[in-house]
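Architecture and fold: a report
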Amino acid sequence: QGQLRESGGGVVQAGGSLRLSCVASINAYDRACMGWFRQAPGKDREGVAAIDSDSVETYADSVKGRFTISRDNAKNALYLQMTNLEPEDSGVYYCRAAPGCGLGKYWGQGTQVIVSS
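What counts as what
- Residues numbered from 1 in each chain as written.
- Predicted model: local features only at pLDDT ≥ 70, side-chain atom pairs only at ≥ 80, totals over all residues.
- Heavy atoms only, no water.
- Helix = DSSP H or I, 4+ residues; strand = E, 2+ residues; numbered from the N terminus.
- Rg over C-alpha atoms; globule rule 2.2 N^0.38 Å.
- Buried < 20%, exposed > 50% of the residue type's maximum accessible area, 1.4 Å probe, protein only.
- Contact = heavy atoms within 4.5 Å.
- Areas by Shrake-Rupley, 256 points an atom, 1.4 Å probe, with all protein chains shown as cover.
- Pairing = 2+ DSSP bridges.
- Axes fitted to C-alpha atoms, helices over the stretch in contact; angles between N-to-C directions.

**Points about the overall build of the protein chain**
Tallying secondary structure elements over the protein chain gives zero helices and 11 strands in all. Overall, the protein chain shows an N-to-C arrangement of helices and strands of β-β-β-β-β-β-β-β-β-β-β. Relative to the compact-globule value of 13 Å for 117 residues, the protein chain shows a C-alpha radius of gyration of 13 Å, a close match. Across its three principal axes, the protein chain shows a C-alpha extent of roughly 40 × 25 × 20 Å. Evaluated residue by residue, the protein chain yields a buried proportion of 40% over its 117 residues. Here the contacts in the protein chain between residues at least 6 apart in sequence split such that 54% fall between residues at least 24 apart. With the model as given, the accessible surface of the protein chain reaches about 6200 Å², and the carbon-plus-sulfur share is 45%.

**Focus: the sheet that holds strand β3 (residues 18–25)**
The strand order across the open sheet formed by four strands is β1-β3-β8-β7, and the pairing between neighbours is antiparallel. Two strands close off the open sheet at either side, each with one partner strand: β1 (3–7) and β7 (67–72). If you compare each strand with its neighbour and ignore which way they point, the axes differ by 15 degrees on average. In the sheet, β7 pairs with strand β8 (residues 77–82) via six bridges, with the strands oriented antiparallel. Along β8, the bridge assignment pairs Ile-69 with Leu-80.

Below, the structure is given as C-alpha cells:
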C-alpha cells in the first residue's frame, strides 16, 4: 500500500511563484520514480515533471525553464517549484509514485492551483 499527500496549492497572480510538496508513505522511496501531473477543467490530465531514482529530471515543454522538480529521500518528499506562473498553469496538481519505477502507481488526492490574470 502507498499513500501520497500534496500541499502548497493556492491562488497566485500571473508571474508569481508557488512551491508544491508531496509526502509519500511508501516503502523504499529512494527507489521510486516520482512525478507531478495536472488537470485543468475540460482538459485531460497531463504530465508536468518527473524525477527518477537517479534524480534525472524530465519536464513538459510547456513548463521547461519555469518549473523545477526535486526530491528529498531522507524525508520521503517530492517538490515542485513553480515560477513565472501563467493562467494556463491553473488546475489540480497530483503527485504520483511508481515504486521501483515499475508498473504499479499511487496517486495523491491533488492540490488546487489557480493563477489569476
